[in-house]
Structures are given as structure tokens and as C-alpha cells.
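# Chain and residue survey
Spelled out from the first residue to the last, the chains are:
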Amino acid sequence: MSRASKLTLLGTSAFALGTVALVHWQQQAEKEAMHAGVIRDMEQQRIKRERQLDFEMQRELEAEYKKIQTVRDVTDEMDPVPTKPPSSSIALTQEGLPKPSTMSSIPVGGAIGTGTGGK
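Position numbers for residues start from 1 in each chain and track the written sequence from start to end. Totals for whole chains, interfaces and linings use every residue, but because this is a predicted model, local features are given only for residues with pLDDT of at least 70 and side-chain atom pairs only at 80 or more, for both listing and counting. Neither water nor hydrogens contribute to the side-chain values; these are computed over all heavy atoms in the structure.

Secondary structure assignment for the protein yields 1 helix and 0 strands. For every residue, the accessible area (1.4 Å probe, protein chains only) is compared with the maximum for its type, and the residue is labelled buried under 20%, exposed over 50%, or partly exposed between those bounds. Counting every position in the protein, which comprises 119 residues, the buried fraction comes to 1%. Only the protein chains shown count as cover for residues, with accessible areas throughout obtained via the Shrake-Rupley method and a probe of 1.4 Å. When the accessible surface of the protein is totalled, it reaches about 11800 Å², and 61% of it is carbon and sulfur. The helix and strand labels rest on DSSP assignments: H or I over at least four residues marks a helix, E over at least two residues marks a strand, and numbering proceeds from the N terminus.

This part takes up the pattern of salt bridges. What makes a salt bridge here is a side-chain nitrogen of Lys or Arg within 4 Å of a carboxyl oxygen of Asp or Glu, nothing more. Throughout the structure, instances matching the rule amount to 3 salt bridges. As a salt-bridge pair, Arg 46 and Glu 43 come within 2.3 Å of each other at their nearest N and O atoms. With a gap of 3 residues between them, Arg 46 and Glu 43 both fall in helix 1 (residues 3-68), about one helical turn apart. A relative accessible area of 32% means that Arg 46 is categorised as partly exposed. Here the salt bridges share partners, and the residues they tie into one network are Glu 43, Arg 46 and Glu 50.

Okay, structure coming up:
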């Protein structure tokens, strides 16, 4: 065999072996990733079962407490609007809105801090 054919055979053989090794490594990595996904799913299912058991236990406790205690909804009995006026020194109009004050805290005639306001 000539030197060129030997190099060609060596090159293609190395490429083929490299490809086989790379595919093998990829398959192993995918297998490990899939196995990690299964483990993660099992952990999520375990957490879900624990939460469901906690929920059922809380439901049973609630039912037991309702047997012992009387529970009623007081939100229906609450007055949605307060009936007495606020206890502040702000004067209100008949509609319940604050009356406009006669003294303005904003200077008239210029921007704040420029000294061009009315004195």
C-alpha cells in the first residue's frame, strides 16, 4: 500500500472510532439525564402526597373543631361603610369630601425654590 492510502485508512478509521465514542458518550449522558428526570418526578410526587396528607389532616381537624366550636361568618354582618364621621380636624362638605382650604401651601407666580413666587 502506498503511504497516502495508509494515511487515508488511518484517518477514516480514527474518525469512525471517534464518532462511535462520541455517540456512546452522548447516549450515556442522555440516559443519566432521563434517570435524573425520573428521580425528580418521584420526588415531586412524594411532596405532592405529603401535601395531600397534610391537607386531609387539616380538613379532619377543621371538621373536628367545627363539631366542638360554633363558627359563623361575620363578614355578612359587617357594615360596609362607616356610619360615624371621621374624627379629624378637616372640615368636610355635605358629600363627605374635604373642603378646600383658604391657605395654599404652593407659592403663586413662580416655580418652587426659584424665589420668584409672590411675597
